[in-house]
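# Examining the three-dimensional arrangement
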Amino acid sequence: MEKLTKILQKDNLTKEDIVFLLSLEEPESIEMLRSYAYNIMRANVGEYVYLRGLIEFSNICVNDCYYCGIRKSNRNIKRYTLESDEILECARFAAQNGYGSIVLQSGERRDPQFIDYICRIIEEIKSTTKSENLPNGLGITLCVGEQTYATYKKFFEAGAHRYLLRIETTNPSLFARIHPADISFEKRMECLFYLKEIGFQVGTGVMIGLPTQTVEDLANDLWFFKELDADMIGMGPYIVHRDTPFNIYEKYFLENKRKIYLMSLKMIAVARILLKDVNIASTTALQALYPLGREEGLRFGANVVMPLLTPSSYRRNYILYDGKPCVDEFTNDCGECLISRIEKIHRPIGFDNWGDSLHFKKKH
Ligand code: SF4
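Residues numbered from 1 in each chain as written. Predicted model: local features only at pLDDT ≥ 70, side-chain atom pairs only at ≥ 80, totals over all residues.

## Describing the packing of helix H2 (residues 15-22) against helix H9 (residues 215-228)
Helices that pack against each other are described as a pair by the angle of their axes relative to one another and the distance between those axes. Relative to each other, H2 and H9 sit at 125 degrees, their axes nearing to 9 Å. As far as their axial angle goes, H9 and H2 are oblique. Here H2 and H9 pass one another in a crossing that is right-handed. Packed against H2, whose contacting residues are Lys15, Ile18, Val19 and Leu22, the element H9 presents Val215, Glu216, Leu218, Ala219, Leu222 and Trp223 at the interface. Its residues placed into classes, the contact of H2 with H9 shows 8 nonpolar, no polar and 2 charged. (Axes fitted to C-alpha atoms, helices over the stretch in contact; angles between N-to-C directions. Helix = DSSP H or I, 4+ residues; strand = E, 2+ residues; numbered from the N terminus. Parallel < 35°, antiparallel > 145°, perpendicular 65-115°, else oblique. Left-handed = near helix turned anticlockwise from the far one by under 90°. Contact = placed C-beta atoms within 7 Å. Nonpolar A, V, L, I, M, F, W, Y, C, P; charged D, E, K, R; others polar.)

## Topic: the packing of helix H3 (residues 27-44) against helix H10 (residues 250-275)
Put simply, H3 and H10 touch, their axes get as near as 9 Å, and they point 40 degrees apart. On the basis of the axis angle, H3 is oblique to H10. Pair H3 / H10 crosses with left-handed handedness. When H3 is examined against H10, the residues Ile30, Leu33, Arg34, Tyr36, Ala37, Ile40 and Met41 are found in contact with a partner set consisting of Lys266, Ala269, Arg272 and Ile273.

## Concerning the sheet that holds strand S5 (residues 201-204)
Within a sheet, adjacent strands bond to each other through the backbone by hydrogen bonds, running parallel or antiparallel. One open sheet holds the 8 strands; their spatial order is S9-S7-S5-S4-S3-S2-S1-S10, and the pairing between them is parallel. Bordering the open sheet on either side are strand S9 (279-280) and strand S10 (304-305), each of which pairs with just one other strand. Looking at chain direction, strand S2 (residues 101-106) and strand S3 (residues 139-143) are connected through 5 bridges and run parallel. Paired with isoleucine 102 across the bridge in S3 is isoleucine 140. Packing against the sheet, helix H4 (residues 84-96) makes contact with strand S1 (50-58) and S2, and its axis sits at approximately 175 degrees to S1. (Pairing = 2+ DSSP bridges.)

## Remarks on helix H5 (residues 112-128)
With 17 residues, H5 should cover 24 Å at 1.5 Å per step; its first-to-last C-alpha distance of 24 Å lies within 8% of that length. Ile118, Ile121, Ile122 and Ile125 are the residues of H5 that are buried. Summarising the axial view, the buried residues of H5 lie within an arc of 100 degrees, below the 170-degree limit, and thus occupy one face. Turned more than 90 degrees off the buried face of H5, the exposed positions are Pro112, Gln113, Asp116, Arg120 and Ser127. Looking at the buried side of H5, the elements it contacts are H4, S3 and helix H6 (149-158). (Expected span 1.5 Å × (residues − 1). Buried ≥ 20, exposed ≤ 12 C-beta atoms within 10 Å, placed from the backbone. Arc of directions from axis to C-beta.)

## Notes on the site of the ligand
In the vicinity of the ligand, the residues found are Cys61, Asn63, Cys65, Cys68, Ile70, Arg71, Gly107, Glu108 and Gly145. For the shell around the ligand, the residue count by class is 4 nonpolar, 3 polar and 2 charged. (Near = placed C-beta within 6 Å.)

## Regarding unusual backbone geometry
Positioned with a positive phi, aspartate 229 is a non-glycine residue whose angle comes to about 65 degrees. If you trace the backbone, aspartate 229 turns up in the loop between H9 and strand S7 (232-233). Look at aspartate 229 and you get partly exposed, because 13 C-beta atoms sit within 10 Å. Even without a glycine there, the phi angle at lysine 276 is positive, about 60 degrees. Among the secondary structure elements, lysine 276 is positioned in the loop between H10 and S9. Classification of lysine 276 as partly exposed rests on a count of 15 C-beta atoms within 10 Å.

What follows is the structure, given as structure tokens:
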């Protein structure tokens, strides 16, 4: 406890400090870390939770990442791309219900038709969701993977202003083990720098609990977020999907589930302490491990949640990992449930607010 208190009082954490914090196991120590991170959150970004309606608009992907349920080799799902009307309907719903922002997420495609389709959709969403409450329309975050500099620029000019691109792990050899040879660590890094140069608010993140991943790897990941000067963080536990080559790790995953869950919460807390004023998402995958996982993520220092807006008939075909929550909901809107969950932990919600990263705002 004495060492923990000393580390938490420091202005700047070292990598060794981060390893120490991530290695905490005693419930009292973890609670102390949580409550410290929560106070840092309150002092730097406040207690508001911001909503990003998540629209998974296409599950077609040209890649074959070994861990991912929508990898191109998975023949057990039906491929889809939402029509523009369907996407616009989700976006209008988000605007009318005070979400402020949406995330447009899909598998990775780089063909011109798809790029043009995304640009058109962004422009239409911006123009149709303008209102007194949202004079500039919905805030739009894109999450459509690795693209060229020119494509990122097109997206930005069309009106998207935030972009999520997870590095997944900053250990290059682990990165190489979880991706096929045509996906390179260097290229992923390059894309992150393109996004920053263009002027996006840039989000990144990692998977927590990958086989062979060490606490030092995770400490390096957090350090990388700081060096990248990331504006948003979206991390989640690694959860096995049965229709992937990584299903061989199912036993490992089941045996380590509790540990992976706790490590994911500690990662949120340490990210908050280290990065202070960035936006941090409490991801759906946390809820897949523990029913109150998303609320716990918020209690450990996160300030963003992403209610699922993908029309319910498509959800079964956008499963990146086993046990994804909200897939069998009959309603298209997960917001109502999520909002009541947030209210139960007494956090105010930033309705009709883009909820941009304060870290980004301070830089510009
Ligand atoms: S992780 Fe992304 S890029 Fe890789 S297969 Fe899944 S959707 Fe495609």
